[in-house]
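Here's the letter readout for the chains.
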Amino acid sequence: MAESDNPSSKQEVAKNQNTIEKKNSKKEEQKVQNNLEKNEQKSNPKEKSVIEDEVIFSDNNNKSNPKNRIIVIDAGHGGDDVGAVGPNKRYEKVVNLEVTKYLYKILKQRGYNVYLTRSNDKFIKVMDRTILANDKNADLFISIHTNAMPKEKANSTSGIETFFLSPARSERAKRVAALENKDDIREMNESSKSAFLESLNRPRITASHKFAIDVQAGLLQSTRTKYKDVKDTGVKEGPFWVLVGAQMPSILIELGFISHPEESRRLYEKSYQQLLANGIANGIDSYFSKNP
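As the structure is a prediction and not an experimental result, all values here were calculated from the model.

How each quantity is defined
Residues numbered from 1 in each chain as written. Predicted model: local features only at pLDDT ≥ 70, side-chain atom pairs only at ≥ 80, totals over all residues. Heavy atoms only, no water. Buried < 20%, exposed > 50% of the residue type's maximum accessible area, 1.4 Å probe, protein only. Helix = DSSP H or I, 4+ residues; strand = E, 2+ residues; numbered from the N terminus. Pairing = 2+ DSSP bridges. Axes fitted to C-alpha atoms, helices over the stretch in contact; angles between N-to-C directions. Contact = heavy atoms within 4.5 Å. pLDDT = per-residue confidence, 0-100. Phe/Tyr/Trp six-rings, centres within 6.5 Å; stacked < 30°, edge-to-face > 60°. Lys NZ or Arg CZ within 6 Å of the ring centre and 35° of its normal. Core = buried A, V, L, I, M, F, W, Y, C linked by side-chain atoms within 4.5 Å.

### A look at the pairing of strand β5 (residues 140–147)
Phase 1: Counting buried positions over the eight residues of β5 gives eight, a clear majority of the element.
Phase 2: The two faces of β5 match: Leu 140, Ile 142, Ile 144 and Thr 146 on one face and Phe 141, Ser 143, His 145 and Asn 147 on the other face are all buried.
Phase 3: As paired elements, strand β1 (residues 70–75) and β5 share five bridges and run parallel to each other. Among the inter-strand pairings, Asp 74 is bridged to a residue of β5, identified as Ser 143.
Phase 4: As paired elements, β5 and strand β8 (residues 250–257) share six bridges and run parallel to each other.

Given below as structure tokens:
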């Protein structure tokens, strides 16, 4: 996908890129981090996650050893934004956060430096999620979500899929992206968004694609150790705005369809959540082994 040759499009792209750069300024990053810390201090101690006390704030910049890599994990939605809703009022935000917590623990045990955009039930603005990743100079950014389908297709659609940022190539990718983007406060018309996406850093998109392939493979291998019927719905590209500001390889994972009766039940099981987290961690290991 080549960049646009239209002068007005290039001017619009430059304008949008400058806007993103300003939002990623050091001042804004510090403001976001301060707000995160402030919100954590206000949290109910009974609701505060045990993992928060285990976070390591490391200044180790030795990137030659994969175990010194920095990873930021984003549990999608949160607070009043429950995300997709499945049978028996199963909320996407709950699944996202639980899998994120398990993944955090696994990665820490393997020696990674890990940060979370949220560690309890609260909403974080979409742009602020990648600002944290950039501030921490992360090597990878992962946004964890759960998919859904309309009622007429809910019983027949299930499976795991992983997305990387790029202009959507299919109507289905556009539909999934639209669901995840609906709470983004970024004001851009469709033509501006398309022009911006076409201007994205190509090497980073390629790295994100490779990362997505490894994580998807890890997820399938892990979950199929217990459930042979887990469907592979593939690695896809899509215009997910939570990934736009990331200055490192980044992916968005759809852990399954919470709208599917059986899959939503599994997604709420701790054992399955642990399988998902372990699969993602294995995918991360695989990616770093191929890209030291």
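### Some points on the sheet that holds β5
Phase 1: One open sheet accounts for six strands, arranged β4-β1-β5-β8-β6-β7; its pairing is mixed. The open sheet is flanked by β4 (113–116) and β7 (232–238), the only strands paired with a single partner. Sheet twist, expressed as the mean angle between neighbouring strand axes with direction ignored, is 20 degrees.
Phase 2: The sheet strands contacting helix α8 (residues 202–223) are β5, β6 (160–165), β7 and β8, and the helix crosses β6 at an angle near 170 degrees.

### Quick notes on the confidence of the model for the protein
Phase 1: Taken as a whole, the protein shows an average pLDDT of 79; of its residues, 65% reach a score of 70 or greater.
Phase 2: The low-confidence segment residues 1–17 (pLDDT under 50) makes 24 contacts with residues lying over four places distant or belonging to another chain.
Phase 3: Predicted confidence is poor over residues 19–26, with pLDDT under 50, and the contacts of this stretch with residues over four places away or in other chains come to 12 contacts.

### Looking at the packing of aromatic side chains
Phase 1: Following the criterion strictly, the structure yields five aromatic pairs and no others.
Phase 2: Between Tyr 227 and Tyr 272 the ring centres are 5.4 Å apart and the planes differ by 75 degrees, which places this aromatic pair in the edge-to-face class. Taken as a pair, Tyr 227 in the loop between α8 and β7 and Tyr 272 in helix α10 (residues 270–290) lie far apart in primary sequence, 45 residues in all.
Phase 3: A relative accessible area of 13% places Tyr 227 in the buried class.
Phase 4: One aromatic cluster in this structure is built from Tyr 112, Phe 211, Tyr 287 and Phe 288.
Phase 5: Sitting over the face of the ring of Phe 123, Arg 129 holds its NZ or CZ atom 5.7 Å from the ring centroid.

### Focus on unusual backbone geometry
Backbone geometry follows two general trends: most residues other than glycine have a negative phi, and most peptide bonds adopt the trans configuration.
Phase 1: The backbone of His 77 sits at a positive phi, close to 65 degrees, despite the residue not being glycine.
Phase 2: Mapped onto the elements, His 77 comes out in the loop between β1 and β2 (85–86).
Phase 3: A relative accessible area of 5% means that His 77 is categorised as buried.
Phase 4: For Asn 88, which is not a glycine, the phi torsion comes out positive at approximately 60 degrees.
Phase 5: Here Asn 88 shows up in the loop between β2 and β3 (90–91).
Phase 6: According to the relative accessible area criterion, Asn 88 is exposed, its value standing at 65%.

### A word on the nonpolar core
Phase 1: Ranked by size, the top nonpolar core spans 42 residues in total, and within it Ile 71, Leu 107, Ile 142, Leu 255, Ile 280 and Ile 284 carry the most contacts.
Phase 2: Here this core gets nine residues from one element, more than from any other, and that element is α10.
Phase 3: Not counting chain neighbours up to four residues away, the residues in contact with Ile 142 comprise Ile 71, Val 72, Ile 73, Asp 74, Phe 211, Ile 251, Ile 253, Ile 280 and Ile 284.
Phase 4: Tyr 115, Ala 138, Phe 240 and Trp 241 belong to the second largest nonpolar core, which has 17 residues in total.

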